[in-house]
Amino acid sequence: MATLLSNGQQSLMASASNGQEQQQQQQQQQDEPEQQHVEIRKSSSPKPGAMPSLKLNRMGSVSPKDKRVYKIVLTGGPCGGKTTGQSRLCTFFENLGWKVFRVPETATVLLSGGVKFSDLTEKEDPPTPTTFVYKDLPFAAPEHSLIDLTASCPRCLAKAASRPNGSEAYKFQENLIRTMVQIENTYFELGNSSTRNCLIICDRGVMDASAYISKDKWEKMMAGNNWNPVEMRDNRYNQILHLVSAANGAEDFYSTEDHACRSEGVDLARELDYKSAAAWVGHPYFDVIDNSTNFETKMNRMIESVCQKLGIDIGDRLQATSRKLKYLVALLPPDSEFPPFQDFDVVHHYLQSAGPKVQARLRKRGQKNHWSYIHTQRRPNVHGQARIEVKTQLTHRDYMNLLAQRDDAHFTIYKKRRCFLINNQYFQLDIYKEPGHPRCKGLVLLETYSSLTGDALKNCMPKFLNIVKEVTGDPDYSMFNLSLKEDWSTTKKFCRSATHGKQEEQSPVPAKQYHPYDENSD
């Protein structure tokens, strides 16, 4: 991880120490960080642009300062398209000149070596077809055949590990996760040492194990290995892609044929799909690819989601579908009315920037005093057709150093962020906290990304929330404007310049137009 972040950290720290504006801009353009999240938001009528230059030499390699390593997890319930998705992503990015590594599912690798659940959980001889009674193996899924029970179903192994006398299965599950971490680290190091841009696709990730083990056993395992969710879920992977099972929304296409480890019925497949999604709730870049379209379009939406985060302009090769939506919420219900959720403490600091059209901020996000740190810079592209957000993961030391560039024209923003999944839709609920500007007192904003419209969108919204109105694109609810110490909506708005230490006058902004500072909340 340290190697992966080094170039981005060097770029940021070089910008912090360089007092000349021209050199700052050159450094930001030429020295792109390796681990970063890039979001491109198109204007209302974008012009398809050329694919960004990969700066390949004659051998197909990339200069070290431009190289990128991007780590994603493909997860989801049975028959969701993970296998096909891996193949499609691999082909697409290899055609762009990237090196693609595919990390195999660790559970399948280990369990195919002859592990039997009866060896791990029962002292007596394993059952035979003539003696087997389901109650004899209460850890097993009821729809499984005897072959499934004594062979290699990862879910049954995890369930066996949760039994009071399942110590051997618990230990095996713990070693399985340790093995997964080591296998992934091996591929991550290969990516770091490669001379090409690298996409690393993990067939499930560490947090998937938590979906099939009791909460107390999972917490015991985490504590015993000095693991914490912020590191294992948020900092380890760049993006999570949950491919919804065909059992949820495409039942006619759900099948258990031609898959040695799949025997789930439709109802159980839906339950497993929800559990695997819930395991990743809280990751800052978690995308749910549902079955609202046909399968081919579903695969295109998956590829599009990765390209958007990486900042790869795909032009009209894949139709843009998903957009950010923001809603004003009033009168929060009690916690008991929410589906399973993850709460985070979030702190935003706006930094001095090189000009009125460039925006920079820091984000600290964490649980139980475990933190992740992100630096975000927003700037228009050279043609002015898209606004680019470059997100770089930081160490605590770099975060503290960059705090020296805080912009005194802005309040620090404090939030409680609640992440939850409902109706196959991932939501973030930002609850603003004091201290802050009086305009933020009691403010609650709900955000999601969706390609749905009309009644389909309305039906997937959380019914337990009192949603006042949609505020997408409303500058009154831009985090940048909410943090300003001055009243931004006066006739003329001011923006502080980092290079001159004075205010620069800008033209008035009509209240209902899409505001240039209506940024994504990271």
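Criteria and cut-off values
- Residues numbered from 1 in each chain as written.
- Predicted model: local features only at pLDDT ≥ 70, side-chain atom pairs only at ≥ 80, totals over all residues.
- Heavy atoms only, no water.
- Helix = DSSP H or I, 4+ residues; strand = E, 2+ residues; numbered from the N terminus.
- Buried < 20%, exposed > 50% of the residue type's maximum accessible area, 1.4 Å probe, protein only.
- Contact = heavy atoms within 4.5 Å.
- pLDDT = per-residue confidence, 0-100.
- Salt bridge = Lys/Arg side-chain N within 4 Å of Asp/Glu carboxyl O.
- Core = buried A, V, L, I, M, F, W, Y, C linked by side-chain atoms within 4.5 Å.
- Domains from an automatic or database assignment.
- Arc of directions from axis to C-beta.

*Asks:* What am I meant to see in the side chain of R204 here?
*Replies:* Note that R204 resides in the loop between β4 (198-203) and α9 (215-224). We classify R204 as buried; its relative accessible area is 14%. Non-local contacts of R204, meaning those with residues more than four positions away in its chain, are made with V73, L74, T75, G76, K82, E105, E184 and S276.

*Asks:* Help me understand the confidence of the model for the chain, please; the structure alone is not making it clear to me.
*Replies:* Caution is warranted with low-pLDDT regions, since their predicted coordinates should not be read in detail. Scored by pLDDT, the chain has a mean of 74; 66% of the residues are at 70 or more. Note that residues 491-518 has pLDDT below 50 and, in this model, 64 contacts with residues that lie over four places away or in other chains.

*Asks:* Sorry if this is basic, but what is going on with the pattern of salt bridges here?
*Replies:* When their charged atoms lie close together, side chains carrying opposite charge are able to pair. One pass over the structure, following the stated rule, counts 19 salt bridges. Put simply, R178 and E174 hold a salt bridge, and the shortest N to O gap is 3.6 Å. Of this pair, R178 and E174 both sit in helix α8 (residues 167-193), four residues apart, which is roughly one turn of that helix. Residue classification places R178 among the partly exposed positions, given a relative accessible area of 35%. K275 is paired through a salt bridge with E271; the nearest N and O atoms lie 3.3 Å apart.

*Asks:* How should I be thinking about the nonpolar core in this particular structure?
*Replies:* As a rule of thumb, nonpolar side chains are buried together in soluble globular proteins. Core analysis: the biggest nonpolar cluster contains 43 residues, and V206, W218, Y237, W280 and F286 have the highest contact counts within it. Here this core spans two domains, and each of domain 1 (69-119 + 151-310) and domain 2 (323-483) adds at least three residues to it. The residues contacting Y237, other than those within four sequence positions of it, are K71, V73, E184, F188, C202, G205, V206, M232, W280 and H283.

*Asks:* Which parts of the structure should I look at to understand α9?
*Replies:* For an α-helix, the turn length of 3.6 residues means that residues three or four places apart are oriented alike. The set of residues buried in α9 consists of K217, W218, M221 and M222. Along the axis of α9, the buried residues cluster in a sector spanning 135°; they form a single face. Exposed positions of α9 whose direction lies more than 90 degrees from the buried face are K215, D216, K220, A223 and G224.

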